Amino acid sequence: MSLLQKSLQVGAFELSHRVVLAPLTRMRATADKFLATPLHAEYYGQRASPGGLLITEAIHVTTDSLAYPCTPGLWSREQANSWKETTAAVHAKGGRIFAQLWHTGRVASAAFGGRRVGASNVPMPKTDDDPVIPLTVEELRALPSVYVHSAKLALDAGFDGVEIHGAHGCELCLSRPFFS
């Protein structure tokens, strides 16, 4: 038996194999409300397997995180409800699914209605001219609660767990207050 075929304990879950679907940005959510669609249920359902684990594409935790068109969000009840068909499709095949939560920070775009924010005003290389707005101390302290809110919505939507996406400079906003 190859190592890929051996079981693996991941937190509370016993996976029957080690082939895990890694997150892939798909840009198939609705453009206006950033909702998951039936395409999400079809895509993840096709890839589910008994005892397997799928990690979703990155899911925004706030409008300030929006950086790309048609990427899903998870800050509203309506968005949580839109994921229920997807999680049900994965569970129907005996699989597990984690929501990857992200905040794009310095990569976010005002074109999608949010603000480009970060731990400082230093921009990411090769981004447009939107300025980076440094978060205040109060905003930094509040950011973990944004992730907690999205994580709770994820569990309500039927996800088995969450993964925190750490890139684009906003992980620096989280590291000390969130993981301390």
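The rules behind these values
- Residues numbered from 1 in each chain as written.
- Predicted model: local features only at pLDDT ≥ 70, side-chain atom pairs only at ≥ 80, totals over all residues.
- Heavy atoms only, no water.
- Helix = DSSP H or I, 4+ residues; strand = E, 2+ residues; numbered from the N terminus.
- Buried < 20%, exposed > 50% of the residue type's maximum accessible area, 1.4 Å probe, protein only.
- Polar contact = N/O pair within 3.5 Å; in protein donor to acceptor, adjacent residues only side chain to side chain.
- Pairing = 2+ DSSP bridges.

Within the secondary structure, Glu14 is located in strand 2 (residues 13-15). Residue class for Glu14 comes out partly exposed when judged on its relative accessible area of 47%. Glu14 sits 128 residues away from Ala142 along the chain, and the two C-alpha atoms are 34 Å apart. Of the polar contacts made by the side chain of Glu14, one reaches the side chain of Ser7; its length is 3.0 Å.

Looking now at the pairing of strand 5 (residues 96-102). Summarising burial for strand 5: 6 of the 7 residues are buried, a large majority. Across 6 bridges, the pairing between strand 4 (residues 53-60) and strand 5 is parallel. Residue Ala58 lies in a different strand from strand 5, and its bridge partner there is Gln100. Here strand 5 runs beside strand 8 (residues 161-164); their pairing, made up of 4 bridges, is parallel. Paired with Gln100 across the two strands is Glu163, which belongs to strand 8.

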